[in-house]
Amino acid sequence: MNALAQDQRLKGLLKILVILFAGMRLVNYFVELLPLQILACVIMLFVIAWSVPRMDALTRRVILGMFLIGGILLVISGATAKQWLFALLKNANLATLLICAPMLSAPFFYEDYQSDLKALAQVKMQNLISFCVLTMVSAHLLGVLVGVGAIIIIYDLLNPFQKLYEAEGPFLKALSRGYNSSGFWSPAWASVIVYSAYPDVKWTTVVPIAIVFTIIFNSISIAGLYMETRQHPDRYRKLVPESDTRIRWRKIITMLMLAAAMIGTIILLDKATGWDLMLIVPVAALIFPLLSAALQKHWTGYRKGLVKFYNISLIKVQSQVALYAAAGFLGKAMEVSGVGAMIPKLLPEWLITYPALMVGALILLMILPSLAGIHPAATGTAMVAALAPASLGLDNYTFCLAIIFGWLITILASPFSATSLILAGNTGKSNWTVSIAMNWKFCLVTLAVFSFLISLVGPML
């Protein structure tokens, strides 16, 4: 009994430390104090030390391996104490976003909107494919605006309804692919840094073709899901509404207004402050639920949302923090040691005469290291810095499109991307299961299709 009570006290302490960590990172955005960064790093290491022993053996070995390899690289390169600190805090802002983001969905549970969404699904979306299209489109549009926080919000809202179809697999595929397709053109993605490296490459010029690519990408996904349902017609349920099922459109409209208000809060903060998205989303997660509760007089729902956040979300995010920290640490270590800059040199010269193969090789150079935890931000940035597109037989637009697509498909495939870690944390599945295991066939098909399309379209821009 004493051991159980001690464990509960430790969990309570960890929750408080996670909140304190997020608060420190938000303050650090405005005031860069080294003692504050050191304290945040100590808290993060404490959370990691608690989380890692409780993970499955494979994930635990991978995390320890990333820390070990990153540490060796930093020692060999003679990194300073400050570089060690920055390596450990590389993904700290992303962790802060993911700590706070679950509160964004709280207003959607102040009332029993879920029953109305269930009625809508039973009447208007009896077929699984229509539900997958809704999931994909919602994840894409929200992903364009709020980045990775969209995964958390859409999962919380729509996960109860995939259970009606008994279709967790198709739901997770539609969610992750729909969100990642926003990487084609979303300014919220870090990959837009690619455009700043080439003054002649304009984001506004790329957007129209990126939207076409988005449609093709998601159409391939829907086609794959359709074939899956055709091959297994008895696996997924078709919804049949009860005779007295009625859609209460007032509640549906209220939900749409809440969604618009949430997006509007984020956009308003972005336009009014110019802050980084990693700060805007956590601030919106603090403001939006509070304002919604005040305007709708849903204080009981607000309190329940806080309790759910404290008791559930803060527990889930602790294991994710360890994975983010390990991946960020290794990526920063590769950058500091110069190993990241060596990756582009693996491209053989004979590919120059075959643009489609060169594009495919660039994308593979981003995907393969990610399976060991190296974020595409590390490999993509290294490629942009180390490679001249002309030396590869590519023009600037083709090269940029290759990096952009490589970035988004790598995040879909990598077991250590934020997308995979969020889904793993919410579903209880392995991060390998919800990434490469779930998407490898789709990744191979889209790699072949978009290698050809990018090599064809790039020179026309």
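My aim in this report is to walk through the structure given alongside it, one point at a time. Predicted model, so just to flag it, every value in this text is computed and none were measured. (Residues numbered from 1 in each chain as written. Predicted model: local features only at pLDDT ≥ 70, side-chain atom pairs only at ≥ 80, totals over all residues. Heavy atoms only, no water.)

### Observations concerning the pattern of salt bridges
Opposite charge on two side chains permits them to pair, given that their charged atoms come into close proximity.
Link 1 in the chain: Evaluated as defined, the whole model comprises three salt bridges.
Link 2 in the chain: Measuring nitrogen to oxygen at the nearest pair gives 3.4 Å for the salt bridge that ties Lys429 to Glu168. On the criterion of sequence distance, the pair formed by Lys429 in the loop between α19 (418-427) and α20 (436-457) and Glu168 in helix α9 (residues 168-180) is long-range, its members being 261 residues apart.
Link 3 in the chain: According to the relative accessible area criterion, Lys429 is partly exposed, its value standing at 34%.
Link 4 in the chain: Between Glu228 and Lys173 there is a salt bridge, with the nearest N and O atoms lying 3.1 Å from each other. With Glu228 in helix α11 (residues 203-231) and Lys173 in helix α9, the pair connects residues that are 55 residues apart, well separated along the chain.
Link 5 in the chain: Since its relative accessible area comes to 16%, Glu228 is described here as buried. (Salt bridge = Lys/Arg side-chain N within 4 Å of Asp/Glu carboxyl O. Helix = DSSP H or I, 4+ residues; strand = E, 2+ residues; numbered from the N terminus. Buried < 20%, exposed > 50% of the residue type's maximum accessible area, 1.4 Å probe, protein only.)

### Brief notes about the side chain of Ser176
Link 1 in the chain: With respect to the helices and strands, the residue Ser176 is situated in helix α9.
Link 2 in the chain: Polar contacts involving the side chain of Ser176 include one to the main-chain carbonyl oxygen of Lys173, which spans 3.3 Å.
Link 3 in the chain: With residues near it in sequence (within four places) discarded, Ser176 still touches Ile151, Leu412, Thr419, Leu423, Met438 and Asn439. (Polar contact = N/O pair within 3.5 Å; in protein donor to acceptor, adjacent residues only side chain to side chain. Contact = heavy atoms within 4.5 Å.)

### Overview of the layout of surface pockets
Link 1 in the chain: Considered as a void within the structure, the second largest pocket measures approximately 540 Å³ in volume.
Link 2 in the chain: Lining of the second largest pocket is provided by 23 residues; of these, Leu134, Ser138, Leu157, Leu256 and Ala259 occupy positions nearest its centre.
Link 3 in the chain: Breaking the lining of the second largest pocket down by element, the ones donating at least two residues are α6 (113-124), α7 (128-146), α8 (149-165) and α12 (249-273).
Link 4 in the chain: Take the lining of the second largest pocket: its biggest share by element is seven residues, from α7. (1 Å grid on protein atoms, 1.4 Å probe; cavity = no way out; pocket = protein on both sides within 12 Å on 5 of 7 lines; lining within 4 Å. Points joined across faces, edges and corners; volume = space filled by probe spheres on them.)

### Side note on the packing of aromatic side chains
How two aromatic rings sit relative to each other is set out by the distance from centre to centre and by the angle between their planes.
Link 1 in the chain: Within the structure shown, the criterion is met by 18 aromatic pairs.
Link 2 in the chain: Measuring from centroid to centroid gives 6.0 Å for Tyr155 and Phe171, while their planes differ by 40 degrees, and the two rings are tilted. Taken together, the residues Tyr155 in helix α8 and Phe171 in helix α9 connect sequence positions 16 residues apart.
Link 3 in the chain: For Phe171, a relative accessible area of 1% translates into the label buried.
Link 4 in the chain: Above the face of the Phe442 ring, Arg177 is positioned so that its terminal group lies 4.2 Å from the ring centre.
Link 5 in the chain: In this structure, Lys308 packs its charged tip against the face of Phe109, placed 4.7 Å from the ring centre. (Phe/Tyr/Trp six-rings, centres within 6.5 Å; stacked < 30°, edge-to-face > 60°. Lys NZ or Arg CZ within 6 Å of the ring centre and 35° of its normal.)

### Here's the deal with α8
Link 1 in the chain: Helix length check: α8 (17 residues) gives 25 Å between terminal C-alpha atoms against 24 Å at 1.5 Å per residue, within 8%.
Link 2 in the chain: Approximately 45 degrees is the largest bend angle found in α8, and it occurs at Leu158, with the proline Pro160 only one to four residues beyond.
Link 3 in the chain: Among the 17 residues of α8, 15 are classified as buried, and the element is accordingly described as predominantly covered.
Link 4 in the chain: The positive-phi residue at the C-terminal boundary of α8 is Glu166, with phi of around 55 degrees. (Expected span 1.5 Å × (residues − 1). Bend = angle between axes of the 7 residues up to and from the residue.)

Keep in mind these values describe shape, not function.
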